[in-house]
Amino acid sequence: MSGHRTTSEAHPSPDTATDVVRWAVFSCVLVPLVLLWYGTSLAGATGTALGLAAVTAACRVLLRRSERGAAQLLAEEQTAHRSHRHRAGAGAHRGGRHAGGSTPVD
């Protein structure tokens, strides 16, 4: 049936920064374990874990900053849109050419 949607299809969950960070932390744990399993030295696996943790932390900071910026931009757009709508009076012009007096129009 094309008109019927289930609850999960009607409201898809957005992929938030929290979900991304959770997967990154999982990888920070899993990758060194796999490296150890395949015979990498403990020092190499530890170095890899520390490197992945540093990259994850940097990405987390950037994702949070991006989310805050997007939320701020959305709020500013909504505020600007509302204030623009209220400023336009009943006789306000919405663009186009306005022939004035005796000015010739090409």
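Source: prediction; values computed, not measured.

When you go through the protein residue by residue, the secondary structure sums to 3 helices and 0 strands. Taking all 106 residues of the protein together, 6% fall into the buried category. Of the accessible surface of the protein, which amounts to about 9,300 Å², a share of 62% is contributed by carbon and sulfur atoms.

Taking 1.5 Å per residue, 21 residues should reach 30 Å; helix α2 (residues 17–37) reaches 30 Å between its end C-alpha atoms and fits that length. The positive-phi residue at the C-terminal boundary of α2 is G39, with phi of around 100°.

Tracing the chain through its elements places T56 in helix α3 (residues 42–87). For T56, a relative accessible area of 14% puts it in the buried group. Polar contacts involving the side chain of T56 include one to the main-chain carbonyl oxygen of L52, which spans 2.8 Å.

Once that is clear, we can look at the confidence of the model for the protein. Per-residue confidence for the protein gives a mean pLDDT of 77, with 63% of residues at or over 70. Mean pLDDT across the elements of the protein bottoms out in helix α1 (residues 7–10) (50) and peaks in α2 (90).

Turning next to the packing of aromatic side chains. Going through the model one piece at a time under the given rule, you end up with 1 aromatic pair. A ring pair is formed by W23 and F26, whose centres lie 5.8 Å apart and whose planes are at 90°; its orientation type is edge-to-face. In this pair, W23 and F26 are both assigned in helix α2, 3 residues apart and thus about one turn of the helix distant. By relative accessible area, W23 is classed as exposed at 61%. Relative accessible area serves as the criterion here: at 44%, F26 is assigned to the partly exposed category.

Evaluation of the coordinates by the stated rule reveals 1 salt bridge. Across the pair R64 and E67 runs a salt bridge whose closest N-O atoms are separated by 3.6 Å. Of this pair, R64 and E67 both sit in helix α3, 3 residues apart, which is roughly one turn of the helix. The class for R64 is partly exposed, based on a relative accessible area of 24%.

Basis of the calculations
- Residues numbered from 1 in each chain as written.
- Predicted model: local features only at pLDDT ≥ 70, side-chain atom pairs only at ≥ 80, totals over all residues.
- Heavy atoms only, no water.
- Helix = DSSP H or I, 4+ residues; strand = E, 2+ residues; numbered from the N terminus.
- Buried < 20%, exposed > 50% of the residue type's maximum accessible area, 1.4 Å probe, protein only.
- Areas by Shrake-Rupley, 256 points an atom, 1.4 Å probe, with all protein chains shown as cover.
- Expected span 1.5 Å × (residues − 1).
- Polar contact = N/O pair within 3.5 Å; in protein donor to acceptor, adjacent residues only side chain to side chain.
- pLDDT = per-residue confidence, 0-100.
- Phe/Tyr/Trp six-rings, centres within 6.5 Å; stacked < 30°, edge-to-face > 60°.
- Salt bridge = Lys/Arg side-chain N within 4 Å of Asp/Glu carboxyl O.

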